[in-house]
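Structural description and commentary
Each chain is listed here by its residues.
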Amino acid sequence: MSFSKMPLATLCSSSNASSPLEPSNSASGNFSDDSSSVLTFPSLPSLCSLFSSTVSPITASFLQLTSLKPLSDVSSPPALTISSSSFLLYTASPSNLSIYDLSSLKLISSHPSTPSAGAVKSLVLLQKSHGLLSAHQDGLLRLWRQSSRSGNLRLAGSLPTLSDRLLRLPFPKNYTPIRRHHKSLWIQHADTVSALASSGDYIHSVSWDKTLKIWRSSDLRCVQSITAHDDAINAVVVSSDGTVYTGSADTKIRVWARHSGEKKHMLIATLQKHRSAVNALSISDDGSMLYSGANDRSILVWEREESGAQMSVIGALRGHTKAVLCLVCVGDMIFSGSSDRTVRIWRRVGEGREYRCLGVMNGHEGVVKSIMAVRIPKGKFENNREGEEEDEEYRVCSSSFDGEVKVWQVQVSGFA
């Protein structure tokens, strides 16, 4: 495997934040490559700062460690997830589900997927059941179990489960209209499952059918279905307190929670500052910060108000030249992927609301659709780069529409 030195991090250009754009008249359920798509509200300040006298000069450097070629001729962006405990990378395409060691960057195992199910849109680890859940174009979720002995994955079933469907089939009240003269069980998605999120006792799935479905982890039964938006839903995240956020092509982010003593999730807020389809969401570990990426090329930063009841937008991170399609937050670091074929490195600095764009990673030949990242403890990997004790190191994995997955090593310095 060859290691190629990449250039030092490129700072955000201030011209990107102020370039005039023409408004767009519509929002689509799919991402747009149109560089004339509308920016967010001009009144929102750009939080990306090049220099500051109040904080130390934080910088980043990066290496592209490897490029994982697709194992089949099917070209679609693999869904990604990372185990932060075992430092394993899981990738899923229509034909293969593979596991890689992020230390050696070697393929551990690869298993046939379900080509007839179409593209795999999302992948999430189920910590309590030691399983893996994948979201598919055919509207189903699929459960994979990993052998504790061999490490091999096997398909263990799909959601909704057969028992759940049989239990509800006889009763007309369990059917909901999906289009003219057609009905379906309310526990089943009627279109592509676009994203998944797992938190504690529940799994959350969203779909282009405009619904949010909530599944119980213990028995994998669907316990609630909500028509959550007016257009396709593209993203879902869950905070540490169980609050659910959904992002849609209707330009809105909606917030869902269970009130004390209640069994059902209810709508508690609608966040509306984007002017085009919301494609990606990511939330901080403590639930205090929410990041949203959209076709308008910006990443909005939302902060929990002091009352703890609502999120309010504090500004935008601008720099991508086309739609922002994926986001991941790790501590104070944010990584974003775009249809401009780049991955950007952002960091929250100081105690206030200042952010910096620390780097732009080029190399993808296709649109970047999925991204995952994990912080690497000092001395964890043999190929850790030398640096100061305070330096931080991350593994960033990004996938694109040509089926390729790139693994990056990012080192952040300057915390003195």
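Up top is the structure.
Right, let's walk through the structure included here. Everything numeric here is computed off the predicted structure, so don't read it as measured data. Per chain, the residues get numbers from 1 upward, laid out in the order the sequence is written. Local features in a predicted model are, by the rule used here, given only for residues with pLDDT of at least 70; side-chain atom pairs are given and counted only at 80 or more, and totals for whole chains, interfaces and linings are based on all residues. Note that the side-chain values use all heavy atoms of the structure and ignore hydrogens as well as water.

Note that the residue after Leu159, namely Pro160, is joined by a cis bond; omega there is 5°. Helix and strand assignments follow DSSP, with helices taken as H or I runs no shorter than four residues and strands as E runs no shorter than two, numbered in order from the N terminus. By secondary structure assignment, the location of Pro160 is in the loop between strand E10 (153-159) and helix H2 (162-168). We note that Phe87 has phi near 55°; this positive angle belongs to a residue other than glycine. Locating Phe87 in the fold gives a position in the loop between strand E3 (79-83) and strand E4 (88-92). Within the chain, Lys210 stands out as a residue other than glycine whose phi angle is a positive 80°. Checked against the element boundaries, Lys210 lands in the loop between strand E14 (202-207) and strand E15 (211-216).

A cluster of nonpolar side chains, namely Leu162, Leu166 and Leu169, defines an oily patch on the protein surface of about 290 Å² accessible area. If you trace the backbone, Leu166 turns up in helix H2. Only residues whose relative accessible area exceeds 30% and that form no salt bridge are eligible for patches; like-charged ones are grouped when within 9 Å, while nonpolar side chains (Val, Leu, Ile, Met, Phe, Trp, Tyr) are grouped when within 5 Å. The protein chains shown are the only cover counted for residues, whose accessible areas, like all others here, come from Shrake-Rupley with a 1.4 Å probe. Throughout this description, the term salt bridge denotes a Lys or Arg side-chain nitrogen within 4 Å of a carboxyl oxygen of Asp or Glu.

So, about the packing of aromatic side chains. Any two rings among Phe, Tyr and Trp, with Trp reduced to its six-membered ring, count as a pair given centres within 6.5 Å; such a pair is stacked if its planes are under 30 degrees apart, edge-to-face if over 60, and tilted if neither. Summed over the entire model, instances satisfying the criterion amount to two aromatic pairs. The interplanar angle of 80° and the centroid separation of 6.1 Å between the aromatic rings of Tyr291 and Tyr355 together place this pair among those described as edge-to-face. Highlighted residues: Tyr291 in strand E22 (residues 289-294) and Tyr355 in strand E28 (residues 354-361), separated in sequence by 64 residues. The same class applies to Tyr291 and to Tyr355, which are both buried. Buried residues are those whose accessible area, probed at 1.4 Å on protein chains only, stays under 20% of the maximum for their type, while exposed residues exceed 50% and partly exposed ones sit between those limits.

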